[in-house]
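Working through the structure, step by step
Each chain, written out:
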Amino acid sequence: MWSYFANPHKFLRLSDWLAPTFYAVGALCIAWGLWQGLWVVPKDEYQGGDIMRVMFIHVPAAWLAMASYSALAVASFIWFVWRHELADIAAKSIAPLGAVWTAICLATGAIWGKPTWGTWWQWNDARMMSVLFLLFLFLGYVALRASMDTRQKAARAGAILAMVGAINVPLIKFSVDMVESIHQGASVITADGPKMAAVYLTPLLISGLGHSLFFGGLVMTSMRTEIRERRIARLRAASLEGA
């Protein structure tokens, strides 16, 4: 099974139609979620009135920031253990995109936080600092790979960093429960079910699905580009050897 999913040729054939599908469905879900969240659902005075509408961008970005780093760590582990080239290609493609969504999470969180909490940033808040550290992990992964002189060294160094840094993901999730924070506790995934009213929860989940699908489409496009670049590099190396 591993060999089937790790085959670049099969991946290219699958992503030929899957990536455009992810783009289309993801864009529709994001657009519908934003329309509902920004113009249709009622404002929540408890959450600060209209500013709470930032939630429909901030929360999906936060979910995807954590999910994308988890995917980066899993792909890195697969490469580290089985040396599947496609896993390394996936990890390399995920990292810069994960950094973008993490930056969106931080920016929208600051926009939401200023009128709600009276501050753009709180340096002693565990949730904020752990998400900021997540951004540094993504950027550090990209920079570390770029600093290596061979692809093998880059993959190995990046995989080790990604796997070690994975400990930060549960810290982000449970930081509000472990230490005092100005962030509210979980309201979507809890032991007693969602605490959020359906009028807000439905567009939030649809928006989260849209971000995930669009992110997946971007990852597949980036992977397709990387596969072709590696093929070209191998052909050039072979032609130079034969010259």
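Brief notes about the overall build of the protein chain
Of regular secondary structure, the protein chain possesses eight helices and zero strands. Listing the helices and strands of the protein chain from first to last along the sequence gives α-α-α-α-α-α-α-α. When its C-alpha atoms are laid out on the principal axes, the protein chain stretches across 70 × 40 × 30 Å. In the protein chain, buried positions account for 44% of the 243 residues. A fraction of 76% describes how many contacts in the protein chain between residues 6 or more apart in sequence connect residues 24 or more apart.

Digging into a nonpolar patch on the surface
On the surface, Trp-32, Trp-35, Leu-38, Trp-39 and Val-40 cluster together to form a nonpolar patch covering roughly 540 Å² of accessible area. Topologically, Trp-32 is positioned in helix α2 (residues 8-40).

Quick word on helix α4 (residues 85-117)
Because each turn of an α-helix spans 3.6 residues, side chains separated by three or four positions end up pointing in the same direction. Relative to the 48 Å expected for 33 residues at 1.5 Å per residue, α4 spans 46 Å between its end C-alpha atoms, a close match to the ideal helical length. Bending of α4 peaks at approximately 25 degrees at the position of Ala-95, with proline Pro-96 no more than four residues after it.

Some points on the packing of aromatic side chains
A full pass over the atoms with the stated rule returns five aromatic pairs. When the ring of Trp-121 is compared with that of Trp-123, the centres are 5.6 Å apart and the planes differ by 70 degrees; the resulting orientation is edge-to-face. One cation-aromatic arrangement involves Arg-83 over Trp-79; the distance from NZ or CZ to the ring centre is 4.2 Å. Over the face of the ring belonging to Phe-80 we find Arg-83, whose NZ or CZ atom lies 5.6 Å from the ring centre.

Re unusual backbone geometry
A positive phi angle, near 60 degrees, is found at Arg-83, a position not held by glycine. A relative accessible area of 38% places Arg-83 in the partly exposed class.

Quick notes on the environment of Ile-227
Residue position: Ile-227 is located in helix α8 (residues 198-242). Apart from residues lying up to four places away in sequence, Ile-227 is in contact with Pro-8, Phe-11, Leu-12, Leu-86 and Ile-89.

A closer look at the environment of Asp-16
Take Asp-16: it is sitting in helix α2. Distance in space between the C-alpha atoms of Asp-16 and Thr-221 is 9.2 Å, their sequence separation being 205 residues.

Let's talk about helix α5 (residues 126-147)
End to end, α5 covers 31 Å across 22 residues, agreeing with the expected 32 Å (1.5 Å per residue, within 8%). Among all positions of α5, only Arg-127, Met-128, Ser-130, Val-131, Leu-132, Leu-134, Leu-135, Leu-137, Phe-138, Tyr-141 and Arg-145 are buried. Capping the start of α5, Asp-125 holds a side-chain oxygen 3.2 Å from the backbone nitrogen of Arg-127, two or three residues further along.

Side note on the packing of helix α3 (residues 55-82) against α4
Contact geometry of α3 with α4 gives a least axis separation of 7 Å together with a crossing angle of 155 degrees. With respect to their mutual orientation, α3 and α4 come out roughly antiparallel. Note that α3 runs across α4; the crossing there is left-handed. The residue inventory of the contact of α3 with α4, partitioned by class, reads 20 nonpolar, seven polar and one charged.

Description of the nonpolar core
In terms of nonpolar packing, the biggest core is built from 38 residues, with Phe-11, Tyr-69, Leu-72, Phe-138, Phe-215 and Met-223 touching the most fellow members. At the level of secondary structure, the elements contributing two or more residues to this core comprise α2, α3, α4, α5, α7 (168-178) and α8. Ranked by the residues each element gives to this core, the list is headed by α4, at 11 residues. Dropping the residues within four chain positions of it, Tyr-69 is found in contact with Leu-134, Leu-137, Phe-138, Leu-161, Ala-162, Gly-165, Ala-166 and Val-169.

A closer look at the pattern of salt bridges
When the charged atoms of two side chains lie near each other, side chains of opposite charge can form a pair. A full pass over the atoms with the stated rule returns nine salt bridges. Close ionic contact of Asp-88 with Arg-230 constitutes a salt bridge, the shortest N to O distance being 2.9 Å. Highlighted residues: Asp-88 in helix α4 and Arg-230 in helix α8, separated in sequence by 142 residues. Here Lys-92 ties to Glu-226 by a salt bridge, and the two come within 3.2 Å at their closest N and O atoms. With a gap of 134 residues between them, Lys-92 in helix α4 and Glu-226 in helix α8 connect regions that are remote in the sequence. The class of Lys-92 is partly exposed, set by a relative accessible area of 35%. Each member of the salt-bridge network shares a partner with another, and the members are Glu-85, Asp-88, Lys-92, Arg-145, Glu-226, Arg-230 and Arg-234.

Here is what the cut-offs are and how they apply
Residues numbered from 1 in each chain as written. Predicted model: local features only at pLDDT ≥ 70, side-chain atom pairs only at ≥ 80, totals over all residues. Heavy atoms only, no water. Helix = DSSP H or I, 4+ residues; strand = E, 2+ residues; numbered from the N terminus. Buried < 20%, exposed > 50% of the residue type's maximum accessible area, 1.4 Å probe, protein only. Contact = heavy atoms within 4.5 Å. Patch = residues over 30% accessible without salt bridge, like charges linked within 9 Å, V, L, I, M, F, W, Y side chains within 5 Å. Areas by Shrake-Rupley, 256 points an atom, 1.4 Å probe, with all protein chains shown as cover. Salt bridge = Lys/Arg side-chain N within 4 Å of Asp/Glu carboxyl O. Expected span 1.5 Å × (residues − 1). Bend = angle between axes of the 7 residues up to and from the residue. Phe/Tyr/Trp six-rings, centres within 6.5 Å; stacked < 30°, edge-to-face > 60°. Lys NZ or Arg CZ within 6 Å of the ring centre and 35° of its normal. Polar contact = N/O pair within 3.5 Å; in protein donor to acceptor, adjacent residues only side chain to side chain. Axes fitted to C-alpha atoms, helices over the stretch in contact; angles between N-to-C directions. Parallel < 35°, antiparallel > 145°, perpendicular 65-115°, else oblique. Left-handed = near helix turned anticlockwise from the far one by under 90°. Nonpolar A, V, L, I, M, F, W, Y, C, P; charged D, E, K, R; others polar. Core = buried A, V, L, I, M, F, W, Y, C linked by side-chain atoms within 4.5 Å.

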